[in-house]
Amino acid sequence: MPAKLIMPAKAKVPKNYNLLRGFKDILPAEQRYWDFIQQRVYKLADDYGFSRLETPILESAALFIRSVGSDSDIVSKEMYTFLDQGNDKVALRPEGTAGVVRSYIEHGFLNQPQPVKAFYFGPFFRHDRPQAGRQRQFWQFGFEVLGDSNPVLDAQLIHISYKFYAELNLPVQVEVNSIGCPNCRPAYLKELTTILKKHRKNLCPDCQLRLTKNPLRVLDCKNKDCQAVLTDLPQTVDFLCEDCKKHFVSVLEYLDELEVNYNLNPRIVRGLDYYTKTAWEILETGRDGQQDSLGGGGRYDELVNELGGRPTPAVGFACGVERAISRFKNHDIAVKQPVRPELYVAQLGLEARKKCLRLYEQLLQRDYLVAESFSKDSLKDQLEAANKLGVKYTLMIGQKELVDDTVLIRDMESGIQEVVDFKKILDYLPKILSNRVSNSRTDK
Ligand code: HAM
């Protein structure tokens, strides 16, 4: 086990080499949060039968333009797009669903037993204005189910996204809506546009543009002037066709059964064009309406077809990892402590170091939690490091121990030392380490 990393004091880096705005290093002290989240995601995936599917970070820009929509903020303002050396227009993925659908079509998942359940955990990129909870590189975990239209799947995915937080006693609620399908949405959009046009001059410049290109997006505009207009607008649910209505009612019934804390919210329309029917977001309860969502998802029954597959219903969600971590910190959610080593191996002199290298490997083979600083020469420095790590015993080999073929064992708490035959050390250690440190402590 490497010696614990001490956080460096912040130093100035020449400007050219600084982190890009909106990008972050994930430092060693943060890793336990990332491990914790990844473990929870794997557990949920196992519990509900999802397999990991990772798609490339770089894809053809056309994939996202077609899926997310050329008029969406994500594509029109935030996507990192460039020509590569082969003159191909490529993009850093701004989201995960398009890649999963491409992969599903490209690898013939269509011809396997349906539905296909996949999850992912990785970095995404949006050139948004960096602020708290909004980076240009951020991580998401996402769950997608392709090849089945049953509303129980919408409810199950909403439940998984909710459970991820609720099980940790984080106060969250699901904001859910149905935005209809290509059969019923046009009538709604027509009505919405007619009314919005009357208020055109009160809308923000972005929404004036959305009015012609993507009126649905006006509904989730955070601008105060637009919010005032939004209070009296018609709701998507009042325009749903029979099929969409039946679907939505079923989803809500399943959610009741699963005891999900949800709220019907006509303003949830999502910022990506591929959604049909169910759409939802996860919010922290009790914060104001302007807060960033912890996660979001919805059905996308047209996307496989649009990207060249045959008509295939699908539904999924993704949650932001950094936003989850910030809530875990705010709410003092206990995550695993870094495991502390129980033994430290210290050496004095070249020959002793060689022997200690061998001893270290033997200890690892026996699954001891062990630490070292083989690059240090001074015994004092090594004992200081052992102390900082809080190990129980330090095993030392110097000139005398080399000659006698022994190991000096120091109890770090009492300072008592004893000499043990090198050949017997592996049999001796279990006797003094009867209360071995458990690997799975979850104290804070
Ligand atoms: P999204 O709502 O764009 O949906 O993103 C999902 C989550 O990613 C957000 O709720 C938020 O937690 C996080 N997120 C988004 N942008 C940022 C950012 N700039 N900084 C930090 N966190 C961010 C999607 O991406 C869809 N692909 C979800 C989905 C999957 N729908 C169906 N399947």
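## Side note on the overall build of the protein
Phase 1 of the analysis: On a plain count of helices and strands, the protein comes out with 15 helices and 16 strands.
Phase 2 of the analysis: For 444 residues, the compact-globule estimate of 2.2 N^0.38 gives 22 Å, and the C-alpha radius of gyration of the protein, at 28 Å, exceeds that figure by more than 25%.
Phase 3 of the analysis: In terms of overall dimensions, the protein has C-alpha extents of about 95 × 50 × 45 Å along its principal axes.
Phase 4 of the analysis: Scored against the burial criterion, the 444 residues of the protein give a buried share of 49%.
Phase 5 of the analysis: Look at the contacts in the protein between residues 6 or more apart in sequence, and 70% of them connect residues 24 or more apart.
Phase 6 of the analysis: For the protein, the exposed area adds up to about 22,800 Å²; of that, 50% sits on carbon and sulfur atoms.

## Considerations on the environment of Lys336
Phase 1 of the analysis: Of note, Lys336 is situated in the loop between helix 11 (321–330) and strand 12 (343–347).
Phase 2 of the analysis: According to the relative accessible area criterion, Lys336 is partly exposed, its value standing at 28%.
Phase 3 of the analysis: Distance in space between the C-alpha atoms of Lys336 and Asp35 is 8.5 Å, their sequence separation being 301 residues.

## Observations regarding the packing of helix 1 (residues 31–48) against helix 11
Phase 1 of the analysis: Between helix 1 and helix 11, the least distance of the axes is 10 Å, while the angle of their chain directions is 110 degrees. Classed by the angle they form, the pair helix 1 and helix 11 counts as roughly perpendicular. Judged by the twist between their axes, the crossing of helix 1 over helix 11 is right-handed. Within the contact between the two elements, helix 1 uses Tyr33, Trp34, Phe36 and Ile37 and helix 11 uses Val321, Glu322, Ala324, Ile325, Phe328 and Lys329.
Phase 2 of the analysis: The residue inventory of the contact of helix 1 with helix 11, partitioned by class, reads 8 nonpolar, no polar and 2 charged.

## A word on the domain arrangement of the protein
Phase 1 of the analysis: By the assigned domains, the protein splits into domain 1 (28–184 + 240–330) and domain 2 (343–433).
Phase 2 of the analysis: Of note, the centres of domain 1 and domain 2, computed from C-alpha atoms alone, are 51 Å apart.

## Structural notes on the pairing of strand 6 (residues 137–146)
Phase 1 of the analysis: Of all 10 residues making up strand 6, 8 are buried, and the element is well covered by its neighbours.
Phase 2 of the analysis: Here 7 bridges tie strand 6 to strand 11 (residues 314–320), and the two strands are oriented antiparallel to one another. When the sheet's bridge partners are listed, Val145 is paired in strand 11 with Val315.

## Here's the deal with the packing of aromatic side chains
Phase 1 of the analysis: Inspection of the entire model under this criterion finds 21 aromatic pairs.
Phase 2 of the analysis: For the pair Tyr42 and Phe119, a centre-to-centre distance of 5.3 Å together with 85 degrees between the ring planes defines the contact as edge-to-face. Of the two residues, Tyr42 sits in helix 1 while Phe119 sits in strand 5 (residues 116–125), which places them 77 residues apart along the sequence.
Phase 3 of the analysis: The class of Phe119 is buried, set by a relative accessible area of 2%.

## What about the nonpolar core?
Phase 1 of the analysis: Grouped together as the largest cluster of nonpolar side chains are 48 residues, with contacts concentrated most on Ile37, Phe141, Phe143, Tyr165 and Phe328.
Phase 2 of the analysis: Once residues lying within four places of it in the same chain are set aside, the contact partners of Phe141 are Ile37, Val41, Tyr120, Phe121, Phe164, Phe317, Ala318, Cys319 and Val321.
Phase 3 of the analysis: Within the second largest apolar cluster, 45 residues are counted, among which are Tyr104, Leu203, Leu216 and Tyr300.

## Here's the deal with the pairing of strand 7 (residues 172–178)
Phase 1 of the analysis: Here strand 7 lies mainly inside the structure; 7 of its 7 residues are buried.
Phase 2 of the analysis: Burial along strand 7 is two-sided: Val172, Val174, Val176 and Ser178 facing one way and Gln173, Glu175 and Asn177 facing the other are all buried.
Phase 3 of the analysis: Inspection of the sheet shows strand 7 paired to strand 9 (residues 276–284) by 7 bridges, in the antiparallel sense. Within strand 9, the position partnered with Val172 by the bridge is Glu284.
Phase 4 of the analysis: Relative to strand 8 (residues 262–264), strand 7 runs parallel, the two sharing 3 bridges.

Conventions and cut-offs
- Residues numbered from 1 in each chain as written.
- Predicted model: local features only at pLDDT ≥ 70, side-chain atom pairs only at ≥ 80, totals over all residues.
- Heavy atoms only, no water.
- Helix = DSSP H or I, 4+ residues; strand = E, 2+ residues; numbered from the N terminus.
- Rg over C-alpha atoms; globule rule 2.2 N^0.38 Å.
- Buried < 20%, exposed > 50% of the residue type's maximum accessible area, 1.4 Å probe, protein only.
- Contact = heavy atoms within 4.5 Å.
- Areas by Shrake-Rupley, 256 points an atom, 1.4 Å probe, with all protein chains shown as cover.
- Axes fitted to C-alpha atoms, helices over the stretch in contact; angles between N-to-C directions.
- Parallel < 35°, antiparallel > 145°, perpendicular 65-115°, else oblique.
- Left-handed = near helix turned anticlockwise from the far one by under 90°.
- Nonpolar A, V, L, I, M, F, W, Y, C, P; charged D, E, K, R; others polar.
- Domains from an automatic or database assignment.
- Pairing = 2+ DSSP bridges.
- Phe/Tyr/Trp six-rings, centres within 6.5 Å; stacked < 30°, edge-to-face > 60°.
- Core = buried A, V, L, I, M, F, W, Y, C linked by side-chain atoms within 4.5 Å.

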